[in-house]
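Structural features, examined
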Amino acid sequence: MSPNNKKKLNLIRIKLDKLDNKLLSLIKHRTGLVKEVLKLKEFKKEIVDQKRINFILNKIKGKSKKLKIDPKITNRIWKNMIWSYIDYERRNFKKK
């Protein structure tokens, strides 16, 4: 890689790092909302709502296409996020 391209790469990586920090802040906010949702659930079986999952994934697919983002990327990200939060809810569910 040329020195000029290395410099460009480093600048792009700095931008990616800043964006990652913003994503972490959004994830923290989302986690807070998931905690609120979890407090409302009375039974562990309420944690997985396949109808809601399908709705979300279809909505993200449509928005991705509209924004010209590869839907395979966003689908994979959202599936991982959804199942990560399902795991979180299962680990933190407290029967009332």
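Check the entry above for the structure.
Residues numbered from 1 in each chain as written. Predicted model: local features only at pLDDT ≥ 70, side-chain atom pairs only at ≥ 80, totals over all residues. Heavy atoms only, no water.

A look at the layout of surface pockets
- Looking at the largest pocket, its volume works out to about 360 Å³.
- For the largest pocket, the lining is made up of 15 residues, of which Arg 30, Lys 41, Arg 52, Ile 56 and Glu 89 are closest to its centre.
- Of all the elements in the fold, those that place two or more residues in the lining of the largest pocket are helix 1 (3–40), helix 2 (50–66) and helix 3 (71–92).
- Take the lining of the largest pocket: its biggest share by element is five residues, from helix 3.
- Taken together, the residues of the lining of the largest pocket break down into ten nonpolar, no polar and five charged. (1 Å grid on protein atoms, 1.4 Å probe; cavity = no way out; pocket = protein on both sides within 12 Å on 5 of 7 lines; lining within 4 Å. Points joined across faces, edges and corners; volume = space filled by probe spheres on them. Helix = DSSP H or I, 4+ residues; strand = E, 2+ residues; numbered from the N terminus. Nonpolar A, V, L, I, M, F, W, Y, C, P; charged D, E, K, R; others polar.)

Here we look at the nonpolar core
- One finds Leu 38, Ile 47, Ile 53, Ile 56, Leu 57, Ile 60, Ile 82, Ile 86 and Phe 93 forming the largest nonpolar core, which totals nine residues.
- Counting residues per element, the ones that place at least two in this core are helix 2 and helix 3.
- Ignoring sequence-local partners within four residues, the contact set of Ile 86 consists of Ile 47, Val 48 and Ile 53. (Core = buried A, V, L, I, M, F, W, Y, C linked by side-chain atoms within 4.5 Å. Buried < 20%, exposed > 50% of the residue type's maximum accessible area, 1.4 Å probe, protein only. Contact = heavy atoms within 4.5 Å.)

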